[in-house]
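Structural characterization, general
The residues making up each chain are set out below.
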Amino acid sequence: MALDALPLGVVVAAPDGQITHLNDTARRLTEGGVRTALAWQAVLDLIDEVLADGEPHSQELQVIGPPEQSLVIEASRPPGGSGAVAVIRDITELRQLEVIRRDFVANVSHELRTPIGAIAVLADALANSPGADDSERLARRIRAEADRLTELVSDVLDLSRIEALRPDPAGPPVDLTAVVAQALDRSRPVSESRQVPVHVSTQVESAVVPGDESQLVSAVSNLLENAAKYSDAGQPVELELRDAGPDAISVVVRDRGIGIPSWELDRIFERFYRVDRGRARGTGGTGLGLAIVRHVATNHGGDVRVSSVEGEGSVFTLLLPAEPGPMGLVAEAG
Ligand code: ADP
């Protein structure tokens, strides 16, 4: 029956309350033991209420895990008919996204508060400072905190822009050599101030991939900035464009910097995660750079990988499909 193909659970009841149809999704969401018995009971209760007063009734329900589920059940009388129909929607993913968003807002607020607090304290100190030397030093520190705020806000905006806009699979292809050139320009202030030379080599015949140029520039410049930030002066960074199998190109960024402890490697792509907060403050990190890189990789149907040895350096590999298709750009869901 066509109803079985629906992602919604549908339960149909006759005027006497007898269940006359249950589609596959409804079965999956409500059958299977104690865990889902509550959901089934809620469906029956709502159907009873509709049969009693003819009005629509609904309820949101948490099914205790694992796996935990959030369901919305809406029951009503079918238009022009008799009996009742209950529709069950699984909104687990929606609720999870809301939690992630709430955490993100809390994290952003927390991260903003630190430099804002510092600016307030420094401004008070400036107001009370007697000497010109002091004023200059304090003003410089206020400026540094203001720069930090700007960096944070621009990373947050970058991330939300990248999350909101999936590249168009039918859009014009992107030349990765142009992406690399722009990323070099963008990351130059960091690599120059850290005195880290960047060497680029290309080992691909064609460096063209489907995707979004500005997102790819963001990703590659974040990798280059990190390589420079976490390296000592004079330690070179290498960027290579390489073939990765028949249908993929990788952008490899290798540094000889401080490296990352192996137990942190899984976490560095999380938003706001920093290996060493004290160290990151010194280098002006926001903790969002690698989250941006990962999101750009996912948007392009690709991946980002890291290998690193503490004290020796890190290699980040951004893997990008060279063709649109199942392995290529992720089409917008829905
Ligand atoms: P940040 O803005 O702090 O650099 P990222 O998301 O870009 O944030 O990186 C997360 C953390 O991963 C950094 O704080 C740093 O500890 C670590 N990290 C990232 N890239 C490198 C690298 N090339 N070498 C060493 N550590 C790195």
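Residues numbered from 1 in each chain as written. Predicted model: local features only at pLDDT ≥ 70, side-chain atom pairs only at ≥ 80, totals over all residues. Heavy atoms only, no water.

**What to know about the site of the ligand**
The cut-off we apply is this: Whether a residue is near a molecule or strand depends on its heavy atoms: if one lies within 4 Å, it is near. Any pair of nitrogen or oxygen atoms within 3.5 Å is treated as a polar contact; in protein, a donor-acceptor pairing is required on top of that, and neighbouring residues in sequence qualify only through side-chain atoms on both sides. Only the protein chains shown count as cover for residues, with accessible areas throughout obtained via the Shrake-Rupley method and a probe of 1.4 Å. By definition, any uninterrupted DSSP run of H or I lasting at least four residues is a helix, any uninterrupted run of E lasting at least two residues is a strand, and each is numbered from the N terminus.
The local shell around the ligand holds 20 residues, among which N226, Y230, D255, T286 and L290 are the closest. Here V275 contributes a backbone N or O atom positioned 3.2 Å from an oxygen atom of the ligand. In isolation the ligand offers 530 Å² of accessible surface; the protein chains occlude 99% of this area. No other element matches the three residues that helix α6 (residues 213-229) contributes to the shell around the ligand.

**Some points on the packing of aromatic side chains**
Aromatic ring pairs are defined here through the distance separating the ring centres and the angle between the ring planes. Our working definition: When two rings of Phe, Tyr or Trp (its six-membered ring) have centres within 6.5 Å they constitute a pair, described as stacked for plane angles under 30 degrees, edge-to-face for angles over 60, and tilted for the intermediate range. Only protein chains enter the accessibility calculation, which uses a 1.4 Å probe; a residue is then buried when its area is under 20% of its type maximum, exposed when over 50%, and partly exposed in between.
Tallying each qualifying case throughout the model produces two aromatic pairs. Seen from their ring centres, F269 and F316 are 6.3 Å apart, and the 70° between their planes marks the pair as edge-to-face. Residue F269 is located in the loop between β10 (248-254) and α7 (277-283), and its partner F316 is located in strand β12 (residues 313-321); the two are separated by 47 residues in the primary sequence. Relative accessible area serves as the criterion here: at 8%, F269 is assigned to the buried category. Since its relative accessible area comes to 8%, F316 is described here as buried.

**Focus on the confidence of the model for the protein chain**
It should be kept in mind that the predicted coordinates are not to be read in detail where pLDDT is low. Test applied: Scored from 0 to 100, pLDDT records how confident the predictor is in each individual residue. By definition, residues are in contact when any of their heavy atoms lie within 4.5 Å.
Looking at the protein chain, the pLDDT average stands at 89 and 93% of residues meet or exceed 70. Per-element mean pLDDT across the protein chain ranges from 54 in α7 up to 97 in β10. Below pLDDT 50 for its whole length, residues 330-334 participates in seven contacts with residues either more than four positions away or in separate chains.

**Focus: the sheet that holds strand β5 (residues 84-90)**
Spelled out, the test is: Two strands form a pair only when DSSP identifies at least two bridges running between them. Each axis is a line fitted through C-alpha atoms, taken for helices only over the stretch in contact, and angles between the N-to-C directions span 0 to 180 degrees.
Taken in spatial order, the five strands line up as β2-β1-β5-β4-β3 in an open sheet, and their pairing is antiparallel. Only two strands of the sheet have a single neighbouring strand rather than two, namely β2 (19-22) and β3 (57-63). Mean inter-strand twist for the sheet, computed between neighbouring axes without regard to direction, equals 15°. As paired elements, β3 and strand β4 (residues 69-76) share seven bridges and run antiparallel to each other. In the strand pairing of β4, Q62 is matched with S70. Contacts from helix α2 (residues 34-53) reach β1 (9-13), β2, β3, β4 and β5 within the one sheet, and its direction differs from that of β3 by about 175°.

**Regarding helix α4 (residues 132-164)**
Since the α-helix turns once every 3.6 residues, residues separated by three or four places project in the same direction. Test applied: A helix is expected to span 1.5 Å for every residue after the first.
For α4, which comprises 33 residues, the first-to-last C-alpha distance of 48 Å matches the rise-based estimate of 48 Å (1.5 Å per residue) to within 8%. Residues of α4 that are buried include every one of L138, I142, E145, R148, L149, L152, D155, V156, D158, L159 and I162, and no others.

**Here's the deal with the nonpolar core**
Nonpolar side chains tend toward joint burial in soluble globular proteins. Defined as follows: Remark: nonpolar core denotes a set of buried residues (Ala, Val, Leu, Ile, Met, Phe, Trp, Tyr, Cys) joined through side-chain atoms within 4.5 Å. Where each domain begins and ends is defined by an automated method or by a domain database.
Judged by nonpolar contacts, the single largest core of 46 residues is most densely connected at L176, L216, V220, L224, V251 and L318. For this core, the element with the most residues is α6, which contributes eight residues. Here this core spans two domains, and each of domain 2 (98-164) and domain 3 (168-334) adds at least three residues to it. When residues no more than four places from it in sequence are discounted, the contact partners of L318 are A219, V220, L223, I249, S250, V251, V293, A297, D303 and V304. Ranked by size, the runner-up nonpolar core spans 19 residues in total, among them V11, A42, V43 and I47.

**So, the domain arrangement of the protein chain**
Frequently, the measure chosen for interface size is the accessible area removed from exposure when the parts meet. The following threshold applies: Accessible area, probed at 1.4 Å, shrinks when two parts are joined; the buried area is that loss added up over both. Definition used for salt bridges: Asp or Glu carboxyl oxygen within 4 Å of a side-chain nitrogen of Lys or Arg.
Domain assignment breaks the protein chain into domain 1 (2-90), domain 2 (98-164) and domain 3 (168-334). Taken together, the contacts link 17 residues of domain 2 with 19 residues of domain 3. Interface area, domain 2 with domain 3, both sides summed: about 1,600 Å², of which 50% is carbon and sulfur. Among the residues domain 2 hides against domain 3, the three largest losses belong to R148, L159 and I162. Together they make up 35% of the total. In this structure, the connection of domain 2 to domain 3 is made through two salt bridges.

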